[in-house]
2 protein chains.
Amino acid sequence: MNTHTEENYLKAIYNLSAVKGEANVNELSRHLEIKMPTVNSMMKRLADKKLIVYESYKPVRLTTKGEKEAALIIRKHRLTEMFLVEKMGFGWDEVHGIAEQIEHVQSSDFFAKMDELLGFPKIDPHGSPIPDKNGKMEWTEYHKLNECKTGDIVIFKAVTHSSDDFLKLLNVRELQLGTIIKIKSVEAFDGTMTIEYNKRKPEMLSHLVCDRILVANRKK
Amino acid sequence: MNTHTEENYLKAIYNLSAVKGEANVNELSRHLEIKMPTVNSMMKRLADKKLIVYESYKPVRLTTKGEKEAALIIRKHRLTEMFLVEKMGFGWDEVHGIAEQIEHVQSSDFFAKMDELLGFPKIDPHGSPIPDKNGKMEWTEYHKLNECKTGDIVIFKAVTHSSDDFLKLLNVRELQLGTIIKIKSVEAFDGTMTIEYNKRKPEMLSHLVCDRILVANRKK
DNA sequence: GCAACTAATTAGACTGTTCTAATAAAATCA
DNA sequence: TGATTTTATTAGAACAGTCTAATTAGTTGC
Ligand SMILES: [Mn+2]
Ligand SMILES: [Mn+2]
Ligand SMILES: [Mn+2]
Ligand SMILES: [Mn+2]
């Protein structure tokens, strides 16, 4: 089995790889807040364990084995977040840090029970998909709120980042997953959007905020 | 803060101290399944951190600080066990190993929420008292089933050990906390007890089993 | 009271995880 | 292309946590 630490590295590689299919030492270092030489030596360890493919001065990629193990930790993380929100009454802005710890608990029964009590959920409280028991994860194709045009009507489906600050900003504005949003206008200069939802008075969201919100076209 | 490992040592010292007020290296070594020299060096670390008083070749004792920190971990352990049984549907024989991991989670909110959802329980699924937020624990004075005499009628209140095997043995015999037990006879030779409860046919329990069962006189 | 046994400690090694400082390779840019 | 900047690696140290082997201190049994 892998250590707690190795699991956190695997997860970080997995998340960074989602975009480009690979991750480099520098990004991992920033993401994990661990200095580059430390990351570098861990890359060698993970390569020895056949969890990643690593060649000097090249970005790393997860092996099939590494990818599966990463996905299974993410599964435990997201099931935990869902359990904390649905069964224990936490807010979506309060659960990431706790899940970051509980994801390392070794007990398949524990997570199987959560899964069952939750009714085998497919997404976590932030709209991210929960990988299945085999580590298979299916991303529905959402697009960024940013990329919408004036007049579009969309459904808020997921957030791409789950920092406290960001989620609290959404809380204050009563923006939740499932909210139907109408884009009233987009500021050409800085991308600030004015949107309307829930029969509230129009709300303005910065480009940075809109970049972290994923939406689907309101069809079905 | 203390590491995961230090917390486990503190807890072990606390539990061993319950009997004699102190713990020696040898017992700790056996209990934690860690070799004596390792325990010895940890004793020095804990002493440096003012969590125990340690003098060479003498048993160790927890300081007030150490005792409080140990009790707070035990609090987290027992709240977790209670939560797993009451809110997640686990058996009392399945929860110790999971709680052994979750007790190290750092989030006062998480355990406060468990406590609240459980209605601020005073005992865990094995009948052991849950220390309060200040680390204060009150042991009700129970006695061992072993010490009962023929004709006594008592209530099953707690177990002193929570190994799978032992708890499963009790499961099979439908012996649960709260069960009212009548002692039919005690074998003089080996201390085997014949008991009656729940209108079942009489059941025989070995001395070793009776030594791990705590009971109260059936009065109030 | 000494021998034998048990408990505790010391010495030294090893793994895992982290760091800083120095160096080297790769990428960028002018 | 050559200089500069960025990224990656190496070298060496440190701490946490573990072990085995050797030694020493304390206890027990004749
Ligand atoms: Mn999360
Ligand atoms: Mn984590
Ligand atoms: Mn327990
Ligand atoms: Mn533990």
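These notes cover the structure that comes with them. As the structure is a prediction and not an experimental result, all values here were calculated from the model.

Quick word on the overall build of chain A
Counting its secondary structure elements, chain A contains 8 helices and 8 strands. Over its C-alpha trace chain A gives a radius of gyration of 19 Å, about what one expects of a compact globule, namely 17 Å for 220 residues. A principal-axis box enclosing the C-alpha atoms of chain A has dimensions of 55 × 45 × 30 Å. For chain A, the share of sequence-separated contacts (at least 6 apart) that also reach a separation of at least 24 residues comes to 60%. By element, 51% of the accessible surface of chain A is carried by carbon and sulfur atoms, the whole surface being about 12,100 Å².

A short note on the protein's contact with DNA strand C
By nearness alone, 21 residues border DNA strand C, and A:Thr3, A:Arg45, B:Asn40, B:Lys44 and B:Tyr54 come closest of all. Near the protein, within 4 Å, the atoms of DNA strand C are sugar or phosphate in 76% of cases. Between DNA strand C and the protein, one listed contact pairs a phosphate oxygen with a side-chain N or O atom of B:Tyr54 at 2.3 Å. Only α1 (4-20) and α3 (36-48) of chain A together with α2 (25-32) and α3 (36-48) of chain B provide two or more residues apiece to the surface near DNA strand C.

A word on the nonpolar core
In this structure, A:Met88, A:Ile102, A:Phe110, B:Met88, B:Ile102 and B:Phe110 are the most contacted members of the largest nonpolar core, which totals 30 residues. Elements with a minimum of two residues in this core: α4 (64-86), α5 (96-102) and α6 (108-117) of chain A together with α4 (64-86), α5 (96-102) and α6 (108-117) of chain B. Excluding residues that lie within four positions of it along the chain, A:Phe110 makes contacts with A:Ile102, A:Val105, B:Leu84, B:Met88, B:Phe90, B:Ile98 and B:Ile102.

Comments concerning the interface of chain B and chain A
Across the contact, 18 residues belong to chain B and 18 residues belong to chain A. Approximately 1,400 Å² of surface area, both sides summed, lies buried where chain B meets chain A, with 73% of it carried by carbon and sulfur atoms. The three residues of chain B that bury the most area against chain A are B:Met88, B:Gln101 and B:Phe110, which together make up 37% of that side's buried surface. Our count for the chain B to chain A interface comes out at 0 salt bridges. Applying the counting rule to chain B against chain A returns 2 residue pairs in polar contact (both at pLDDT 80 or more). Elements with a minimum of two residues in the side of chain B that touches chain A: α4, α5 and α6 of chain B. When residues in the side of chain B that touches chain A are grouped by element, the largest group, 5 residues, is from α6(B). Here the side of chain B that touches chain A is built from residues that sort into 10 nonpolar, 5 polar and 3 charged.

What to know about the packing of helix α1 (residues 4-20) of chain B against α3(B)
Residues and elements named next belong to chain B. At a closest axis distance of 11 Å, the pairing of α1 and α3 adopts a crossing angle of 95 degrees. When the interaxial angle is binned, α1 and α3 end up roughly perpendicular. Residues Thr5, Glu6, Tyr9, Leu10 and Ile13 of α1 lie in contact with α3, whose contacting residues are Thr38, Val39, Met42, Met43, Arg45 and Leu46.

Side note on the protein's contact with DNA strand D
In the vicinity of DNA strand D, 21 residues are found, and the nearest of them are A:Asn26, A:Asn40, A:Lys44, A:Tyr54 and B:Arg45. Restricting the count to atoms of DNA strand D within 4 Å of the protein gives a sugar and phosphate share of 75%. Within the contact set of DNA strand D, a phosphate oxygen lies 2.6 Å away from a backbone nitrogen or oxygen of A:Asn26. At a separation of 2.9 Å, a phosphate oxygen of DNA strand D approaches a polar side-chain atom of B:Thr38. Classifying every residue of the surface near DNA strand D by side-chain character gives 10 nonpolar, 8 polar and 3 charged.

Here's the deal with the side chain of A:Asn2
Residue and element names in this part refer to chain A. Relative to the helices and strands, Asn2 is located in the segment before α1. Judged by relative accessible area, which is 11%, Asn2 ranks as buried. Here Lys49 takes part through its side chain, which lies 3.1 Å from a polar atom of the side chain of Asn2. Here Glu69 takes part through its side chain, which lies 2.4 Å from a polar atom of the side chain of Asn2. Aside from chain neighbours lying at most four places away, what touches Asn2 is Glu7, Leu10, Lys49, Leu51, Glu69 and Gln106.

Description of the coordination of the manganese ion (ligand 2)
Tetrahedral coordination by four donors sets the ideal angle at the metal to 109.5 degrees; octahedral coordination by six donors sets it to 90 or 180 degrees. Residue and element names in this part refer to chain A. Ligation of the manganese ion (ligand 2) by protein atoms is provided by Asn8 (OD1), Glu100 (O), Glu100 (OE), Glu103 (OE) and His104 (NE2), these donors lying 2.0 to 2.5 Å from the ion. Donor residues for the manganese ion (ligand 2), ordered by position in the chain, follow N-x91-E-x2-E-H. Of the two residues, Asn8 sits in helix α1 while Glu100 sits in helix α5, which places them 92 residues apart along the sequence. Overall, the relative accessible area of 18% leaves Asn8 in the buried class.

Concerning unusual backbone geometry
Residue and element names in this part refer to chain A. Phi angles above zero are rare outside glycine, and Lys50 is one such case at about 60 degrees. Mapping Lys50 onto the fold places it in the loop between α3 and β1 (52-53). Take Lys50: its relative accessible area is 59%, and that puts it in the exposed class.

Things to note about the pairing of strand β8 (residues 213-217) of chain A
Residues and elements named next belong to chain A. A large share of β8 lies buried, amounting to 4 of its 5 residues. In the sheet, strand β3 (residues 143-144) pairs with β8 via 2 bridges, with the strands oriented antiparallel. Of the residues in β8, the one forming a bridge with Lys144 is Leu214. Bridging between strand β4 (residues 153-159) and β8 involves 5 bridges; their strand directions are antiparallel.

Cut-offs and rules
- Here the residue numbering is sequential within each chain, running from 1 through the sequence in written order.
- Going through the entries in the order they are written, you letter the chains from A and number the ligands from 1.
- For a predicted model such as this one, the threshold for reporting local features is a pLDDT of at least 70, and the threshold for listing and counting side-chain atom pairs is 80 or more; totals across whole chains, interfaces and linings nevertheless cover every residue.
- Side-chain numbers here rest on the full set of heavy atoms in the structure, without hydrogens or water.
- Helix and strand definitions here come from DSSP, where helices need a minimum of 4 consecutive H or I residues and strands a minimum of 2 consecutive E residues; each element is numbered from the N-terminal end.
- For a compact globule the rule gives 2.2 Å times the number of residues to the power 0.38, and the radius of gyration it is set against comes from C-alpha atoms.
- Only heavy atoms enter the contact rule, under which two residues are in contact if any of them lie within 4.5 Å.
- Here the open area of atoms and residues is found with the Shrake-Rupley method and a 1.4 Å probe, where only the protein chains shown may cover a residue.
- Here a residue counts as near a molecule or strand whenever at least one of its heavy atoms sits within 4 Å of it.
- Polar contacts, as counted here, are pairs of nitrogen or oxygen atoms within 3.5 Å of one another; within protein the pair requires one atom able to donate a hydrogen and one able to accept it, and residues that are adjacent in sequence qualify only if both atoms are side-chain atoms.
- We call a set of buried Ala, Val, Leu, Ile, Met, Phe, Trp, Tyr and Cys residues a nonpolar core when their side-chain atoms join them within 4.5 Å.
- Type-normalised accessible area, obtained with a 1.4 Å probe on protein chains alone, sets the label of each residue: buried when under 20%, exposed when over 50%, and partly exposed for intermediate values.
- Accessible surface is computed with a 1.4 Å probe, and the buried area is the amount of it that two parts give up when combined, taken over both parts together.
- One side-chain nitrogen of Lys or Arg within 4 Å of one carboxyl oxygen of Asp or Glu is enough to make a salt bridge.
- Each residue gets one label: Ala, Val, Leu, Ile, Met, Phe, Trp, Tyr, Cys and Pro are nonpolar, Asp, Glu, Lys and Arg are charged, and the others, such as Gly, are polar.
- Lines fitted to C-alpha atoms define the axes here, with helix axes fitted over just the stretch in contact, and angles between the N-to-C directions of these axes take values from 0 to 180 degrees.
- Orientation labels follow simple angle bins: below 35 degrees gives roughly parallel, above 145 gives roughly antiparallel, 65 to 115 gives roughly perpendicular, and whatever is left gives oblique.
- Metal-coordinating donors are taken as N, O and S atoms lying within 2.8 Å of the metal, or within 3.2 Å when the metal is Na, K or Ca; because water is left out, some sites can appear incomplete.
- Any two strands between which DSSP finds at least two bridges are classified as paired.

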